[in-house]
Each structure stands twice: as structure tokens, then as C-alpha cells.
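Single-letter residue listing:
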Amino acid sequence: MAPPSFASAAALDALGNPTRREMLQLLGDSPRTVGELAEAFPISRPAVSKHLRVLEEAGLVRHATEGTRNIYELDLGGFEAARRWLDGFWDQALARFKLLAENTAPGAKR
Amino acid sequence: MNPLEKRIHVRCDLAHAFEVFTARIDLWWPPSHRKLENSEMQIEPFVGGRFYERDASGQEHVMGEVRAWEAPARICYSWRPGSPAAPTEVEVRFWGDDTRDNEGTWVHVTHRPGPTGDEEVYGERVALFERAWTHVLASYADRIAADESA
């Protein structure tokens, strides 16, 4: 299992592709099969599968197999991890900022 | 809805807080959240300016673009957190503390998905991304609410 910081960086990177963002939006409306997703985009089915794999590895989507079909849906865990990563980043960054600002203030008391 | 918000109080005046946040960003931006090793980070102080890092060999990595520059009260810039990650928008507001001990400065960070200055690149896809983000956060909030009531 990858550490959370790695997993969420992967989620942010996966979000960098516009086709994948559109896929997430469609999946946000309702779960879909690979075939249904392929119909919605002007790209090949293997290309759709490839994007889905990136999204799944980033923890943003997951799939269930029903018979011969794979049905994809949003996996909210990935978005939660990305948000936690950003949240942790700002806590760390602002603590450093505060320390620097207070210690370099002209005529700093305390 | 639901942007990430952070507020912090610093014991220094408004002008100094703004200056440290912007001109001295290289000194406080965590080294763990940079793309280049031993890089120097800079925000160019004008609308359209770059938010970027540069390493000793001169290699540069642009992380965003300045959208608003209203010294010393407010700045706004786009930021791609993660290598080719989707653009997000950071707004930072500064104001003098007149509520507590009447000294110091409040710094308020709002980090939200888009809009960004990359409309020419992403066009309506940025709007799609925004809607997706909103939708996902709404689903997430619903799930939390469901968990809590369960």
C-alpha cells in the first residue's frame, strides 16, 4: 500500500489530463461501462481503458465486474486523499511562513 | 463549494506579512513540495507574472500564474499541485488584526479548483473539471452525513 502522500500526488497528476477529468465528470453522474465511456469520447476503446487504468491506480475510480462487463464508478477515497494532501501541505507551509514572518519582523517583540 | 480554507495569525504588520509571503516565498515554501531539487522559488509581482521555481542549472518549472496582485491586501494565482496536475486557484488575503490585541496580521488562504488563466489551453474543460470537483465534494459531503447519521 502506497503512503498517502504518494497516493494523493498520483491523484493530482491523474487529474492533469482533460479527457480523464471529463471521464470523472461523466462517472460523477452515474456509473458506466467501458463501452458507454468509449461512446462518449472520440478516442479508441483501448485508449479509454488506459485512462481508466490511470484513474484507478490513482484511487479516483473503481470497477465492479458484472458478467463480461466492467462497470466503473467514482472512488471518493482518492479525492479525499488529494484533499488531505493539500490540507497537510498548507498547514506545514503556513507554519513555516508564520515562523519566518515573526522572526524577521522589524522591531519584533517577544 | 467547499474550497479549502486556512487562516493564520502572525505577529507582524500587514506590509511585512505580505512581503514575506510573496518576495520571500523561497524561504518558507516546503522543500518537499517542489519539483526541482535545491530550487529557488519566485512569484513575479504583477498580473500575468509567473509562479515558478528554478534550479542551479537554470532549469525552470512554472507552477502557475498571477491572477491578481493587490499589495499588501490580496494576491491570487493559479497552481498545479503535482507534476502535470489540474490547475487550481489560490487566493491569499491579508488584513490587520483589529479584533484581538490590535496588532498582528491575519492571513487567509482559499484554495479552490479553477478558474485559471489557462482558458486558451483547457477552454470549457476547466469548467467541466470545476463541475466535477463540485460534484465529487458534494457526494463526499453526502457520504459523511450518511456515515454520521448511520
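Rules and cut-offs
Residues numbered from 1 in each chain as written. Chains lettered and ligands numbered in written order. Predicted model: local features only at pLDDT ≥ 70, side-chain atom pairs only at ≥ 80, totals over all residues. Heavy atoms only, no water. Helix = DSSP H or I, 4+ residues; strand = E, 2+ residues; numbered from the N terminus. Pairing = 2+ DSSP bridges. pLDDT = per-residue confidence, 0-100. Contact = heavy atoms within 4.5 Å. Buried < 20%, exposed > 50% of the residue type's maximum accessible area, 1.4 Å probe, protein only. Phe/Tyr/Trp six-rings, centres within 6.5 Å; stacked < 30°, edge-to-face > 60°.

1. A look at the environment of proline 31 of chain B
- Positionally, proline 31 of chain B belongs in the loop between helix H2 (25-28) and strand E2 (40-43).
- Along the primary structure proline 31 of chain B and aspartate 97 of chain B are separated by 66 residues, whereas in three dimensions their C-alpha atoms are 30 Å apart.

2. Quick notes on the pairing of strand E6 (residues 88-96) of chain B
Residues and elements named next belong to chain B.
- Relative to E6, strand E5 (residues 74-79) runs antiparallel, the two sharing six bridges. Residue pairing for E6: tryptophan 79 is matched across the bridge by threonine 88.
- In this structure, E6 lies alongside strand E7 (residues 105-113), joined through nine bridges in antiparallel fashion. What sits directly across from glutamate 89, in E7, is arginine 112.

3. Considerations on the confidence of the model for chain B
Residues and elements named next belong to chain B.
- On average, residues of chain B score 78 in pLDDT, and 70% of them are at 70 or above.
- The spread of mean pLDDT over the elements of chain B runs between helix H3 (residues 119-122), the lowest at 40, and E2, the highest at 96.
- Here residues 116-126 is a poorly scored stretch, pLDDT under 50, and it has 19 contacts once near neighbours within four places are set aside; other chains count.
- Among the scores for the predicted complex, ipTM is 0.71 and pTM is 0.71.

4. Topic: the sheet that holds strand E1 (residues 32-33) of chain A
Residue and element names in this part refer to chain A.
- Across the sheet, three strands lie side by side as E1-E3-E2; this open sheet has antiparallel pairing. Of all the strands in the sheet, the pair left with one neighbour each is E1 and strand E2 (61-66).
- Where E1 meets strand E3 (residues 69-74), two bridges bridge the pair, whose relative direction is antiparallel. If you follow arginine 32 over to E3, its bridge partner there is tyrosine 72.

5. Topic: the pairing of E7 of chain B
Residues and elements named next belong to chain B.
- Most of E7 sits out of view: eight of its nine residues are buried.
- As paired elements, strand E1 (residues 4-10) and E7 share seven bridges and run antiparallel to each other. Opposite isoleucine 8, over in E7, you have valine 107 as the bridge partner.

6. Things to note about the packing of aromatic side chains
- Going through the model one piece at a time under the given rule, you end up with 14 aromatic pairs over all chains.
- Arranged with centres 4.8 Å apart and planes meeting at 50°, the rings of phenylalanine 89 of chain A and tryptophan 29 of chain B form a pair that is tilted. With phenylalanine 89 of chain A in helix H5 (residues 76-103) and tryptophan 29 of chain B in the loop between H2 and E2, the pair connects residues from two separate chains.
- The buried category is assigned to tryptophan 29 of chain B, whose relative accessible area is 0%.
- Measuring from centroid to centroid gives 5.7 Å for phenylalanine 21 of chain B and phenylalanine 94 of chain B, while their planes differ by 80°, and the two rings are edge-to-face. Taken together, the positions of phenylalanine 21 of chain B in helix H1 (residues 14-22) and phenylalanine 94 of chain B in strand E6 put the pair 73 residues apart, joining distant regions of the chain. Both residues of the pair, phenylalanine 21 of chain B and phenylalanine 94 of chain B, count as buried.

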